[in-house]
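Each chain is listed here by its residues.
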Amino acid sequence: MTAGTPEEERSPSTGQRAGAPSGPPASGGRWRDSGTGLTRAYLFAQRAARALVRGVHTNWRRSLHLRVISTTLVLSLVVMVGLGYVLISQVRGGLLDAKISTAVTDHRAGLNYALAELQENEVGDRDRLLYNITSELNSRSGDTGLYGVVILPSVGDENGWATGDAKSIPPRLVEQVNQSEASDQQYHTYTSVRTEPDGVREPALVVGAQLTHAYELYYIFPLQHEQEILDLVQNTVALVGVLLVILLGLIAFVITRQVVSPIRSAAQSAERLSSGDLTERMTVQGEDDLARLALSFNDMAGNLQEKIQELEELSKLQRQFVSDVSHELRTPLTTIKMAGDVLFDDREDLDPTMRRSVELLHSQVERFEELLADLLEISRHDAGAATLGVESLDIRDEVMKAVGDAEQIAERRGIKVILRLPTEPCTAEYDSRRINRILRNLVVNAIEHSEGRDVVVTAACDRDAVAVAVRDYGVGLKEGEEHLCFDRFWRADPARVRTTGGTGLGLSIAKEDATLHGGWLQAWGMPGQGSQFRLSLPRRSGAELRGSPLPLVPPEIALGRGFAPFPGEGGNGAPARPEKVPARGEQDGEGGGRRGSADRDGAADHREGEEKLS
């Protein structure tokens, strides 16, 4: 019968195939369900296997205990396998050598007896004589049947006699005996014989030699007894090896535990100590090396606790001193400022020398006031007393306000501030005063270090964060200075002349303000390629910041292009304008690039814009 497809059946009356009903067949549905189940089972097994491999790999890397025990077990197993192999090989060789020696001796005695009988009865019935010889030689093997006797004819017209399995004699041995030049030369080899009554083949030893020119005498020695001895030795060696490997594993477990447990205790104590628990100490037991380790650890922890407490006290005194000095200096500074303002207002009535002195006094008093304000702000951050007044605001407004504050400085230096702002609002929850201070510091710093080239301010946002990047094309930063620039009172070039003043604390305060918001303030720079500072903030206050909408490295640098000046710009030796780099969210057309020299509403006073915080 020919099997049809699931959609067709053969009609029992006509033998023709009939169309199956429409719709999926039941058998096909069962097959699909079965296939889906197998797929799910396969995927589940695959995931379970991967999880198991990952778990074993993780435990192997993390657990010294596991590695030592596993290594001990593997090495012990290898050693036991090698020793067992050598021992069994020696036993096997000894048993076979003894068996061969006994077999050759028995075969030699039988060969001599058969030759003597043949010489005495040369004219008798040859078949009867061979039968008697075979029976006599077989009776010598005893009741246990140590061997079987086989007499084979060397010529085709003679008959042979056997009390053993004549078919088990290998042809190669028969060929060796036939080609032997000496009549008494003995040969032996291994074979297998079929035992009665189960018919299982067992190993055997065959010894043969020429009896006369017409006959060959073979003894077949079963090796069942030797095989039983060898099996007993193998089982004993395997059992002893397994027990010894398990015992060595237990010994390794106990010994390793004695060493690993104090090490784990020391690691846990070190973790608690590093997390701030300065009272953590290890338990000292005994007087061995591990006890000395615990004593040394406790001494180290005690010294660290003392030094940290001393440093905390010193830090508190330092912060308190800075705060007290800043507060105490405000009163005399206010008096000096009032007197300086009076002189500064009447400077037109003074002679040129006195007028210049009054102007210097006025500018330095303002710088001194800024320094005191920054020192107070730093002391609040150090004391952990800085707080946030969070509001949901548009970061674009803060960017425009900061650029407006620095507008006068940019115009005085002939620098244009290019704005690249997104068209959609970029709202986030932040403290407007602190973020405005950060952006104003970044813009003023960029103008100060731009070497007469334009400054580009870019803003962008995504679902989780907002970011502002301030790019200048000045001297840039050397390798490693992108971190040093946030240190207090650090200057990239100590010999550089400040033109806009500054206290040296601006970027440090900006960094603290960004951290207070849970954001990032990062810097990038390259000698001759300028620098870029990026402020990144989470859109929701208290959320973890995982990324920034703007790259830290400018796109043209990442692409390996650098920046190229426009030909013909920057006349009279003025620096050329940098190449405009597209930014995320930049507008095309109206409003796409706004100049810092344009008029803006809500600009702060110009004195704040003249801040230069390095």
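Thresholds, definitions, all that
Within each chain, residue numbers correspond to sequence positions counted from 1 in written order. pLDDT decides what is reported in this predicted model: residues at 70 or higher carry local features, side-chain atom pairs at 80 or more are listed and counted, and totals for whole chains, interfaces and linings draw on all residues regardless. To obtain the side-chain values, all non-hydrogen atoms of the structure were used and water was disregarded. Only residues above 30% relative accessible area that lack a salt bridge enter a patch, with like-charged residues linked at up to 9 Å and the nonpolar side chains Val, Leu, Ile, Met, Phe, Trp and Tyr linked at up to 5 Å. Surface exposure here means Shrake-Rupley accessible area, sampled with a 1.4 Å probe, where a residue is shielded only by the protein chains that are shown. One speaks of a salt bridge when a side-chain nitrogen belonging to Lys or Arg is within 4 Å of a carboxyl oxygen belonging to Asp or Glu. Strands here mean DSSP runs of E at least two residues long; helices mean DSSP runs of H or I at least four residues long; both are numbered from the N terminus. When charges are counted, Lys and Arg are positive and Asp and Glu negative, with His and the chain ends excluded. A charged residue contributes its charge at one atom only: NZ of Lys, CZ of Arg, CG of Asp or CD of Glu. Burial status follows relative accessibility: with a 1.4 Å probe on protein chains alone, a residue under 20% of its type maximum counts as buried, one over 50% as exposed, and anything between as partly exposed. Among buried residues, those of type Ala, Val, Leu, Ile, Met, Phe, Trp, Tyr and Cys that are joined through side-chain atoms within 4.5 Å constitute a nonpolar core. Should any heavy atoms of two residues lie within 4.5 Å, those residues are counted as being in contact. Angular values range over 0 to 180 degrees, each being the angle between N-to-C directions of two axes fitted as lines to C-alpha atoms, with helices fitted over their stretch in contact. Roughly parallel here means an angle under 35 degrees, roughly antiparallel means over 145, roughly perpendicular means 65 to 115, and every remaining angle is called oblique. Put simply, a crossing is left-handed when the front helix is turned counterclockwise from the back one by less than a right angle, and right-handed when it is turned clockwise. Under the convention adopted here, Pro, Cys and the residues Ala, Val, Leu, Ile, Met, Phe, Trp and Tyr are nonpolar, Asp, Glu, Lys and Arg are charged, and Gly plus all remaining residues are polar.

Peer 1: So what about a nonpolar patch on the surface? Which residues, and what values?
Peer 2: A cluster of nonpolar side chains, namely Leu244, Leu247, Leu248, Ile251, Phe253, Val254 and Ile255, defines an oily patch on the protein surface of about 550 Å² accessible area. If you trace the backbone, Leu248 turns up in helix α5 (residues 224-274).

Peer 1: I'd like a description of a negative patch on the surface, backed by residues and values.
Peer 2: Where like charges cluster on the molecular surface, the negative patch consists of Asp345, Asp346, Glu348 and Asp349. Position of Glu348 among the secondary structure elements: in the loop between α6 (289-345) and α7 (352-382). On the basis of relative accessibility, which here comes to 56%, the residue Glu348 falls in the exposed class.

Peer 1: Go over helix α12 (residues 506-516), please, and point to the residues and values.
Peer 2: Of the positions making up α12, those classed as buried are Gly506, Leu507, Ser508, Ile509, Ala510, Asp513 and Ala514. Residue Gly518 follows α12 closely and has a positive phi angle near 80 degrees.

Peer 1: Got a sec to walk through the nonpolar core? Specific residues and values, please.
Peer 2: Note that soluble globular proteins tend to have their nonpolar side chains buried in a common cluster. Among the nonpolar cores identified, the biggest contains 40 residues, and Val399, Ile435, Ile447, Val457 and Leu535 are the most heavily contacted of them. The element that contributes the greatest number of residues to this core is helix α10 (residues 432-448), accounting for eight residues. Excluding its chain neighbours within four sequence positions, the residues that come into contact with Ile447 are Ala406, Ile409, Ala410, Arg413, Ile415, Val417 and Val455.

Peer 1: Describe the packing of helix α2 (residues 64-120) against helix α3 (residues 126-139), listing the residues and the values that go with them.
Peer 2: Where α2 contacts α3, the two axes come as close as 10 Å, and the packing angle between them is 155 degrees. Accordingly, the angle class assigned to the pair α2 and α3 is roughly antiparallel. As for how α2 packs across α3, the hand of that crossing is right-handed. Across the interface between the two elements, Gly110, Tyr113, Ala114, Glu117 and Leu118 of α2 pack against Arg126, Leu129, Leu130, Ile133, Glu136 and Leu137 of α3. In terms of residue class, the contact of α2 with α3 is built from seven nonpolar, one polar and three charged.

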